Amino acid sequence: MSRERAIEGAIEAALERAARVPRRFRRFAVSAGTAARVHRIGEALLGEALDLGLAYEGSGADRRFDDFDLKNLGLALRIPSPAWLQVRLSAQPFNTAAVATTTYQARFQGREAGVREAGVPAAGVLEPSPRLASGVLDGTLRRLGPDVFEADLRVSAGENAADADQGAADCARELGPLPAEAARLEYHLVPDELCDDAGFVRETRLADCRAGSTYLVHVAAEAGMPVRRAGGLLLAGAFPLPHHWIEVRRGDRWLPADPLYLTILAAYGLVDADRWPSHRSVVGTVWKICDSYAGLRFLTDADGRRVKTSVRILRRWP
């Protein structure tokens, strides 16, 4: 197959997936200029996508596109867009020589939109969420400014430690049919309104980490399996990524597992599927802060509302 035909086929597949998302959940607000600057989809590629059916509103220079459509197009073509670079970065914890128990010094910076005056964020003085405060090492949470905190996290390698019992890394075999079910899903960034809709995922087979965890917990519940959602950070590079996965009960413990994302990373060729089979526990690669997306709050404003927060790892040590 020629490179041109391969690109065309990838665009067609991405647009077919996008068409499964009801139009009422798509927001056509992105200009062609933003598509090129942010999503790295230049004029020629955008024109090709339009010829193949890329949805838009408006006409001529005033055409507007859906942000999720463009993100997913970038993923399909693996162009150096923020969406694709984030997926590549997310593979980092799984490609280290070994998973080890690690302490992380992390900085949490509020990113509430608005004009700052005299160094004070538009949202006013921010506070750490109760979940953040309870999830870091005691005595390490410290304020550096009105919207900045630092704290230390201790993440155990658990069953993935190099000196763990033989076979302990495959501790999530209790997942039963869930890895096979995850393999049937297609990776697609989903609008927020649909991320907690298991019926949408079942019908369309489209899922990102949040929608996928919602769906797999629903499937597990139907099968009477003890599985629940979890949310927090995937500990990748200097800027760990917000992420959602599932936990499966083994005896009196809940073990983190991520059959959907391990399947996705293997399909992209970003991880070794033999080393990271979809039933393997991901303990040591993620830091849990909540059970569901609603609880994924690092910093809040005076009214307790979630504030967008960037997280940066300053250093690591055993």
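Before reading on, note that the structure itself is shown above.
Quick caveat, the model's predicted, so the values are computed rather than measured.

**Student:** Please clarify how the sheet that holds strand β6 (residues 148–155) should be interpreted in this entry.
**Tutor:** Adjacent strands of a sheet form backbone hydrogen bonds with each other and so pair up, either parallel or antiparallel. Pairing is antiparallel in the open sheet, where four strands are placed in the order β5-β6-β3-β15. The open sheet is flanked by β5 (142–145) and β15 (309–317), the only strands paired with a single partner. With strand direction ignored, the average angle separating the axes of adjacent strands in the sheet is 30 degrees. In terms of strand pairing, strand β3 (residues 102–110) meets β15 through eight bridges, oriented antiparallel. Counterpart to Phe108 in the pairing with β15 is Val311.

**Student:** In this structure, what is going on with the packing of aromatic side chains? I would like to understand it.
**Tutor:** Two aromatic rings are characterised by how far apart their centres lie and by the angle between their planes. Inspection of every chain in the model, using the stated rule, returns six aromatic pairs. Seen from their ring centres, Phe94 and Trp276 are 4.9 Å apart, and the 80 degrees between their planes marks the pair as edge-to-face. Here Trp276 lies in the loop between α10 (259–267) and β12 (286–290) and Phe94 lies in the loop between α5 (82–90) and β3, a separation of 182 residues in the sequence. Taking relative accessible area as the criterion, Phe94 reaches 2% and is therefore assigned buried. Under the relative-accessibility criterion, Trp276 is labelled buried at 1%. Where Tyr187 meets Tyr268, the ring centres are 6.5 Å apart and the plane angle is 85 degrees; that geometry is what we call edge-to-face. Placement of Tyr187 in strand β7 (residues 186–187) and of Tyr268 in the loop between α10 and β12 is noted, with a sequence separation of 81 residues between them. Looking at Tyr187, the relative accessible area reads 16%, which means it is buried. A relative accessible area of 16% means that Tyr268 is categorised as buried. Here a set of aromatic residues connected by ring pairs shows up, and it is made of Trp84, Tyr187, Tyr261 and Tyr268. Sitting above the plane of the Phe68 ring, Lys71 keeps its charged end 5.2 Å from the centroid. One residue, Arg280, lies across the ring of Trp276, its end atom 3.7 Å from the ring centre.

**Student:** Looking at this model, I keep getting lost on the nonpolar core. Mind explaining?
**Tutor:** Nonpolar side chains tend to gather and get buried jointly when the protein is soluble and globular. Residues Val87 and Leu178 are the most contacted members of the largest nonpolar core, which totals 52 residues. No other element matches the six residues that helix α9 (residues 209–222) contributes to this core. Discounting chain neighbours no more than four positions away, the residues touching Leu178 are Leu216, Val219, Ala220, Met225, Val227 and Ile246. By size, the runner-up hydrophobic cluster in this structure holds 21 residues, among which are Tyr104, Phe108, Val311 and Ile313.

The rules behind each value
- Residues numbered from 1 in each chain as written.
- Predicted model: local features only at pLDDT ≥ 70, side-chain atom pairs only at ≥ 80, totals over all residues.
- Heavy atoms only, no water.
- Pairing = 2+ DSSP bridges.
- Helix = DSSP H or I, 4+ residues; strand = E, 2+ residues; numbered from the N terminus.
- Axes fitted to C-alpha atoms, helices over the stretch in contact; angles between N-to-C directions.
- Phe/Tyr/Trp six-rings, centres within 6.5 Å; stacked < 30°, edge-to-face > 60°.
- Buried < 20%, exposed > 50% of the residue type's maximum accessible area, 1.4 Å probe, protein only.
- Lys NZ or Arg CZ within 6 Å of the ring centre and 35° of its normal.
- Core = buried A, V, L, I, M, F, W, Y, C linked by side-chain atoms within 4.5 Å.
- Contact = heavy atoms within 4.5 Å.

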